[in-house]
Amino acid sequence: VLPRGPHGLDRAVVLASQRGRLLTAFVEEAAERGYNAVTIADIVRHAGTAKRTFYQHFADKQDCFIQAFDVTGTAIVTEIVRAGDAVDDPILRIEVGVRAYLTAMQEMPYFARLFLTESMVAGPEIAARWMGWIELLADGLVRWRDESRVKHPEVPPLTRRQAIGVLSALNELVRFEILRTDVAGVGEIADEL
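Predicted model, so just to flag it, every value in this text is computed and none were measured.

About the thresholds
Residues numbered from 1 in each chain as written. Predicted model: local features only at pLDDT ≥ 70, side-chain atom pairs only at ≥ 80, totals over all residues. Heavy atoms only, no water. Helix = DSSP H or I, 4+ residues; strand = E, 2+ residues; numbered from the N terminus. Contact = heavy atoms within 4.5 Å. Core = buried A, V, L, I, M, F, W, Y, C linked by side-chain atoms within 4.5 Å. Buried < 20%, exposed > 50% of the residue type's maximum accessible area, 1.4 Å probe, protein only. Phe/Tyr/Trp six-rings, centres within 6.5 Å; stacked < 30°, edge-to-face > 60°. Lys NZ or Arg CZ within 6 Å of the ring centre and 35° of its normal. Patch = residues over 30% accessible without salt bridge, like charges linked within 9 Å, V, L, I, M, F, W, Y side chains within 5 Å. Areas by Shrake-Rupley, 256 points an atom, 1.4 Å probe, with all protein chains shown as cover. Salt bridge = Lys/Arg side-chain N within 4 Å of Asp/Glu carboxyl O.

Caption draft 1: Examining the side chain of Ser148 more closely. In this fold, Ser148 is placed in helix α7 (residues 124-151). Aside from chain neighbours lying at most four places away, what touches Ser148 is Pro90, Ile91 and Val155.

So, in structure tokens, the structure goes:
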């Protein structure tokens, strides 16, 4: 949060702070109340900015959702790939990657609730981005499985469609826990998943 009144901060710092607060406000409001129920007035009130500021950063609520999805999705996918690639044993990479994903969901409960429960109802552009992230992660799973088969040829290959199925099932189980017990329930099922 920026200090009130004259502060002498660089314009780029001010814009980054405003954008971050607006994205956070959108994610928290939409996670609590649902995408369709949230208005731009709700977002700017929560962020402590003006509507004019909102429109300096976003074309509309959908654009705000898309940018929030892209920023957070990039961070999560980057962490999953980083965690998996850091493991020498290729067999363990998938487990480590899944744990990184579940940890991210627990550490970002508003994001988890919003994107796992609202991404398919917020319009075709968000749905397409969601599918893009799943495909990207599926490609990573296939790569990790292929690498594991070099040392362990007895491990069956994994197709991209199978990897998408695994990720879809994982997301559905996480979504179920979020709806049933909130994000805290994800930690309780992490070992089983």
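Caption draft 2: Region of the structure containing the nonpolar core. Residues Phe26, Phe65 and Tyr101 are the most contacted members of the largest nonpolar core, which totals 54 residues. Of all the secondary-structure elements, those providing two or more residues to this core are α1 (11-33), α2 (40-47), α4 (61-85), α5 (90-107), α6 (109-118), α7 and α8 (160-181). In contact with Phe65, not counting residues within four places along its chain, are Phe26, Tyr35, Leu114, Phe115, Glu118, Ser119, Ala122 and Ile126.

Caption draft 3: Fine view of the packing of aromatic side chains. The tally for this structure, following the rule as stated, stands at 6 aromatic pairs. Summarising the aromatic geometry, the rings of Phe26 and Tyr35 are spaced 6.2 Å apart at their centres and angled 80° between planes, so their arrangement reads as edge-to-face. Its relative accessible area of 7% is what places Tyr35 among the buried residues. Each residue in the set Phe26, Tyr35 and Phe65 is aromatic and connected to the rest through ring pairs, giving one cluster. Above the face of the Tyr35 ring, Lys61 is positioned so that its terminal group lies 4.3 Å from the ring centre.

Caption draft 4: Inspection of a nonpolar patch on the surface at higher detail. Side chains of Met120, Val121 and Met131 sit close together on the surface and give an oily, nonpolar patch of about 300 Å² of accessible area. Examined against the element boundaries, Met131 turns out to sit in helix α7. Residue classification places Met131 among the partly exposed positions, given a relative accessible area of 46%.

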